[in-house]
Amino acid sequence: MKDIRLSLGCIIAFALIIATGCKDKSPSSVAPGTEAQAPPKMKMTTPIPPEITTPDSIETRIGTLKLFDGFPDDATTQKVYDNLDFQRGVQAFLNAMPGAALTAFRPALRELGGVDGNVIIFEDLMDSKALWLTANTTVVYYMSWLDTRKDGPIVVETPPNTLGVVDDHWFHYVCDFGNAGPDKGKGGKFLFLPPGYKGDVPKGYFVMRPATYGLWLGGRGFLVNGDPRPAVAAIKKNLRIYPLAQAANPSVTKFSNVSGVPHNTVHANNFHFYEEVNEIVQEEPAEALDPETLGLLASIGIEKGKPFAPDARMKNILTEAAAVGNVTARALSMRPRLKEAYYYPGSAWFATMPDGSYQFLSQPGVRNLDTRVLFHYFYTGITPAMVVKMVGIGSQYATATTDSQGKALDGSKTYKLRLPPNVPMKDFWSFTLYDNQTRSMLQTDQRFPSVNSTAKGIVTNPDGSVDVWFAPTLPQGVNPANWAQTVPGKGWNVIFRLYGPLEPWFDKTWRVGELELVQ
């Protein structure tokens, strides 16, 4: 009997050892209910504020998160890491968009002849075959890509009476030239130095020290009585781009007329977006961007000196992140939620840079992330001349994506807008239509999807107002020059531009009319 009791005791002891000492007690394999067990009160126990603790089970938008006394289990750990990578992918899409937008320009510039000191120019104006973010049909565009890594310091001799800007590869403002620049519209010599340049700097130049090697140069010449030829002639005569090393004997700048030539300059909205951003990170100095954004990009695998090669899991996450980032950008740029973005109470017209800051600062030192996305998803070119009050100089913009009732603009319907008398502009006004998908000019039967004051034959009402029509076919009794065609089955938006804006625009004593649905 004694042996039986001993054997039974051994069995019980062995079972207890298994239950308490030998069983795996990792959080993923703890027996159900164990996590709810309250710990005993110890000598050093004090009251713990509940707000610093974490429940064992939490219901969230990404599902149920489970922990053992604050320690996340395997499934929860994977879930939150996937979510973190997704969040960072979305934020990378939104925050690195400016750089991707410029990288997307380069393939077309290389193909069409806008690199290595040469320039593309729209001698017959830009039409809707060119996919450019919200360009217009009423100026002579010209553009070139500068590369100080390849060519060293670069000289740009600028033409007179243009509006021009140079931005760095991350789409940060470098300088204006022309009417809003230090040359004051007379033309001048600009010298662009590579990052960290320590060589001699000759006199006689407007000297710029951008943070990147790659630079985007874009300019606009003005029509003369609706004719682009005088501007084209002045640009081709005066614009010169060459390395400083060739200053004594500059190479000839060649111009390629790209009017009517189909090409794309718009960044990707899918996974390829991250590959566009990776190009910049690999090419440009790390100092050209802030550590926070570079850290964000590194967290999703975009890091200088390393290949961007996400595994299948990460690529799937980034593909979805690009999709969500893209739609987020569309909402911010087409349906702004900032009341201050709108020019007038109850109006559909909103500003392209609502903060009045080309740096997107809502107050000193505070970046408005939403307005930065609003601008860069829809527009091209960073310059103070687009926002700073300069009466009679530069340009001002207002965008509408809805009608007077807040409904999306429908290419199947007819809309009318009345432009009040005495439009406050020194140069010209224009309405240009854009495709909601491409944010580029709306492709219709009209080569130029625009109504503007430079057009021949536009009809003005006896009181000086102008009626502008938007419809898929010419409305009965409407003058063709007052009509811009839309496309059934397509959404569209419109930008109102003032070149040489005058005081009544800034003090809002004059306001552009609303888009009224006719039928």
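Scroll up for the structure.
Residues numbered from 1 in each chain as written. Predicted model: local features only at pLDDT ≥ 70, side-chain atom pairs only at ≥ 80, totals over all residues. Heavy atoms only, no water.

1. Regarding the sheet that holds strand β4 (residues 119–121)
Backbone-to-backbone hydrogen bonds pair the strands of a sheet. The strands run either parallel or antiparallel. The strand order across the open sheet built from six strands is β9-β8-β12-β6-β4-β14, with neighbouring strands paired in mixed fashion. Each edge of the open sheet is held by one strand with a lone partner, namely β9 (173–178) and β14 (255–257). Direction aside, the axes of adjacent strands within the sheet are offset by 20° on average. Sheet analysis places β4 next to β14, joined by three bridges and oriented parallel. From the neighbouring strand, Ile 121 faces β14, where its bridge partner is Asn 257. Most of the contacts of helix α6 (residues 229–238) go to strand β6 (residues 139–147), to which it runs at about 20°, and overall it touches β4, β6, β8 (162–168), β12 (214–222) and β14. (Pairing = 2+ DSSP bridges. Helix = DSSP H or I, 4+ residues; strand = E, 2+ residues; numbered from the N terminus. Axes fitted to C-alpha atoms, helices over the stretch in contact; angles between N-to-C directions. Contact = heavy atoms within 4.5 Å.)

2. Focus on the nonpolar core
A general tendency of soluble globular proteins is for nonpolar side chains to be buried together. Counting residues in hydrophobic clusters, the biggest one holds 72 residues, and the most contacted among them are Trp 132, Trp 170, Tyr 274 and Val 277. Excluding residues within four positions of it along the chain, Trp 132 makes contact with Phe 105, Ile 120, Phe 122, Met 126, Tyr 141, Met 143, His 263, Thr 265, Arg 439, Ser 440 and Met 441. Counting 30 residues, the second-largest nonpolar core is a separate cluster that includes Tyr 343, Leu 433, Trp 505 and Trp 510. (Core = buried A, V, L, I, M, F, W, Y, C linked by side-chain atoms within 4.5 Å. Buried < 20%, exposed > 50% of the residue type's maximum accessible area, 1.4 Å probe, protein only.)

3. Description of the packing of helix α2 (residues 74–95) against helix α9 (residues 312–334)
The contact between α2 and α9 brings their axes to 8 Å, and the two run at 45°. Considering the angle they form, α2 stands oblique to α9. For the pair α2 and α9, the sense of crossing is right-handed. Each of Gln 78, Tyr 81, Asp 82, Asp 85, Phe 86, Gly 89, Val 90, Phe 93 and Leu 94 in α2 lies in contact with α9, whose residues at this interface are Arg 313, Met 314, Ile 317, Leu 318, Glu 320, Ala 321, Ala 322, Val 324, Gly 325, Asn 326, Thr 328 and Ala 329. Each residue belonging to the contact of α2 with α9 can be placed in one class, and the counts come to twelve nonpolar, five polar and four charged. (Parallel < 35°, antiparallel > 145°, perpendicular 65-115°, else oblique. Left-handed = near helix turned anticlockwise from the far one by under 90°. Nonpolar A, V, L, I, M, F, W, Y, C, P; charged D, E, K, R; others polar.)

4. Overview of the packing of α2 against helix α8 (residues 291–299)
Contact pair α2 / α8: the axes reach a minimum separation of 9 Å and the direction vectors enclose 130°. As far as their axial angle goes, α8 and α2 are oblique. As for the relative orientation of α2 and α8, their crossing is left-handed in sense. Together, Asp 85, Arg 88, Gln 91, Ala 92 and Asn 95 of α2 and Leu 296, Leu 297 and Ser 299 of α8 make up the contact between the two elements. Considered class by class, the residues forming the contact of α2 with α8 number three nonpolar, three polar and two charged.

5. Digging into the sheet that holds strand β1 (residues 57–60)
Taken together, the three strands give an open sheet; going across it, the order is β1-β2-β3, and neighbouring strands pair in antiparallel fashion. If you trace the sheet from one side to the other, it starts and ends with β1 and β3 (71–72), each paired once. The strands that α2 touches are β2 (63–68) and β3; relative to β2, the one it contacts most, it runs at about 130°.

6. Some words on α6
Ala 231, Val 232 and Ile 235 are the residues of α6 that are buried. Buried residues of α6, viewed axially, fall in a sector of 100°; they line one side. Along α6, exposed side chains directed more than 90 degrees from the buried face belong to Arg 229 and Lys 237. Tucked into the core, α6 has its buried residues touching β4, β6, β8, β12 and β14. (Arc of directions from axis to C-beta.)

7. Describing empty space enclosed by the protein
Taken as a whole and assessed by the stated rule, the structure comprises two cavities of 30 Å³ or more. Taken as a whole, the largest cavity holds about 290 Å³ of empty space. Forming the walls of the largest cavity are 24 residues, and the residues nearest its centre are Tyr 141, Arg 220, Thr 380, Gly 381 and Tyr 397. Of all elements in the fold, only β6, β8, β12 and β24 (492–501) reach the threshold of two or more residues within the lining of the largest cavity. Looking at which element gives the most residues to the lining of the largest cavity, the answer is β12, with four residues. In the lining of the largest cavity, the residues fall into 14 nonpolar, eight polar and two charged. Within this model, the second largest cavity holds a volume of roughly 40 Å³. Looking at the lining of the second largest cavity element by element, the count peaks at three residues for helix α10 (residues 369–378). (1 Å grid on protein atoms, 1.4 Å probe; cavity = no way out; pocket = protein on both sides within 12 Å on 5 of 7 lines; lining within 4 Å. Points joined across faces, edges and corners; volume = space filled by probe spheres on them.)

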